[in-house]
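Fold and geometry: a report
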Amino acid sequence: MLIKRRRSWELPENQVTPEHVFLNRRAFLRGSTASIAGASALMVAGCGETSGAAEAAAASEADLTAKAAELFPYPANTSIPVDRPLTDEEVASTYNNFYEFGSHKRIARAAEALVSRPWRIEITGEVEEPFELDIDELIAQMPLEERIYRLRCVEAWSMTVPWSGFPLAALVDLAKPKSTARYLKMQTFMDPSIASGQKQVWYPWPYTEGLTMAEARNELAFMATGVYGKPLGEQFGAPIRLAVPWKYGFKSIKSIVRFEFTGRKPVSFWEEIAPSEYGFWANVNPEVPHPRWSQATEEVLGTGRRVPTLLYNGYEEQVASLYKGLEGQNLFR
Ligand SMILES: Nc1nc2c(c(=O)[nH]1)N[C@H]1C(S)=C(S)[C@@H](COP(=O)(O)O)O[C@H]1N2
Ligand SMILES: [Mo]
C-alpha cells in the first residue's frame, strides 16, 4: 500500500523531462503559426495592423507560457495520500467539462482560442485594499507544490491527476480579507468572441463559484496553475483554476479572473440554472443520489471500470470538521 502510494506521487516527476520537451515544442509551434499568419497578413498590405497585434499577442502568450514552464517541476507534496493510479494524460486532456467552449467533452481544440497569458487577476470585495495583478506575478509570490488529487464529477465519472499550484490559503493571506468576509466568490473570464458557449445567453455567464472562508483556508483547497508537470492547457482552465477534491467537479472553477471576498453567499453557475439539482455545498456523498441518477459508484476514466464512490470523495479526514453543526443544510448536492 505504502509503496504503491509513493509510486503514484513519484510518477509525475519521472515524466517531467519529456513533458518539458513537449511544452517547448508546443510553444514553438504556436509561435511559428503566429509568424506565418503574420507574414501572410503583411503580404496583403493595408490591413496589417490588427493582424500584427494578433501576432504580437500570440507570440507573447507562447513566450510567457514557456517562461512560466521554467518553474516546473514544482516540489511534490506527498502528505496527502492517494490510492489510485494517475489517469493517463491523454485521457484527462481530451475529456473535459468547460461549457464556455461547448456542452460536450471534446472541447480541447476549441479551448485553444483562449489567450491564457498575459492574464490579469482581480482581488476585490471585503479586503483591506482591492488590487489587480498578473498571473505570473501571483505565482512568483506563492508557495509552489505538486499534489495528486482525485476529481469526482457530479456526472459519476472520476480521474486522478497531478496538479501543480499553491494552497488557496496562501492567496487568501495575500488578499488580506476583512472580518466581514464570509465567502470567497470566484469568476471565470467573459469573452463570447472566443468562447462560443458564452453566446448561449440562457446560461448565467460568467461561470461563478464560491466557498466559505473556512473551506477556502482548508489545507486541501488548491489553486492549480499546472497539471502533468507543466502549465495548464486551456482545456484544464488555464492559467489558473480551483481544485477542491472533496466536492463535485463543478465547484472546481476554471480560468479565474476575479476573486471577490463577500459577506453574502454566492450563487454558483449550476445552482442558478437548476437549484433543485445543484447547490452551494456540493460535497461528494455516495448515499445522496442526484435527483436523476445514483451517486453510489463512478466510472474511472481510462479504465473501463466502475468503483464505489467515497464520502467526501475519500477526503473525510481533512474536511469533515468543516461541516460540524451544518448537518441540516443540503451539504451533498
Ligand atoms: N469555467 C468553468 N469551470 C468549470 C466547468 C465549466 O464548464 N466552466 N466545468 C466544471 C466541471 S462540471 C468539472 S467536472 C470540472 C472538469 O475539470 P477537467 O476538465 O479539468 O477534468 O471543471 C469544472 N470547472
Ligand atoms: Mo462535472
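Residues numbered from 1 in each chain as written. Chains lettered and ligands numbered in written order. Predicted model: local features only at pLDDT ≥ 70, side-chain atom pairs only at ≥ 80, totals over all residues. Heavy atoms only, no water.

Observations concerning the layout of surface pockets
Put simply, the second largest pocket is a space of about 400 Å³. Lining the second largest pocket are 25 residues; nearest its centre among them are N97, F98, Y207, G249 and F250. With three residues, the single largest contributor to the lining of the second largest pocket is strand β4 (residues 157–167). The class makeup of the residues in the lining of the second largest pocket is 16 nonpolar, five polar and four charged. (1 Å grid on protein atoms, 1.4 Å probe; cavity = no way out; pocket = protein on both sides within 12 Å on 5 of 7 lines; lining within 4 Å. Points joined across faces, edges and corners; volume = space filled by probe spheres on them. Helix = DSSP H or I, 4+ residues; strand = E, 2+ residues; numbered from the N terminus. Nonpolar A, V, L, I, M, F, W, Y, C, P; charged D, E, K, R; others polar.)

Overview of the site of ligand 1
Taken together, 17 residues lie around ligand 1, and Y99, E100, M159, S252 and K254 are the ones closest in. For ligand 1, a nitrogen atom lies 2.9 Å from a polar atom in the backbone of S252. A distance of 2.6 Å separates an oxygen atom of ligand 1 from a polar side-chain atom of K254. Coverage of ligand 1 by the protein chains reaches 99% of its 540 Å² of free accessible surface. Comparing atom positions with the cavity grids shows ligand 1 to sit within the second largest pocket. (Near = heavy atom within 4 Å. Polar contact = N/O pair within 3.5 Å; in protein donor to acceptor, adjacent residues only side chain to side chain. Areas by Shrake-Rupley, 256 points an atom, 1.4 Å probe, with all protein chains shown as cover. Sits in = over half its atoms within 2 Å of the grid points.)

Digging into the packing of aromatic side chains
According to the stated counting rule, one finds 23 aromatic pairs in the structure shown. When the centroid spacing of 6.2 Å and the interplanar angle of 40° are considered together, the rings of F101 and F189 count as tilted. In this pair, F101 is assigned in the loop between α3 (89–92) and α4 (108–111) and F189 in the loop between β5 (183–188) and β6 (208–212), connecting sequence segments 88 residues apart. The class for F101 is buried, based on a relative accessible area of 4%. Here F189 falls in the buried class, since its relative accessible area comes to 6%. Over the face of the ring belonging to F280 we find K251, whose NZ or CZ atom lies 4.5 Å from the ring centre. (Phe/Tyr/Trp six-rings, centres within 6.5 Å; stacked < 30°, edge-to-face > 60°. Buried < 20%, exposed > 50% of the residue type's maximum accessible area, 1.4 Å probe, protein only. Lys NZ or Arg CZ within 6 Å of the ring centre and 35° of its normal.)

Focus on unusual backbone geometry
With an omega of 0°, the peptide bond running from F72 to P73 counts as cis. Tracing the backbone through its elements, the reader meets P73 in the loop between α2 (48–69) and α3. For the peptide bond that leads from A238 to P239, omega is -5°, which places it in the cis range. Even without a glycine there, the phi angle at Y228 is positive, about 50°. On the secondary structure map, Y228 appears in the loop between β7 (222–227) and β8 (230–231).

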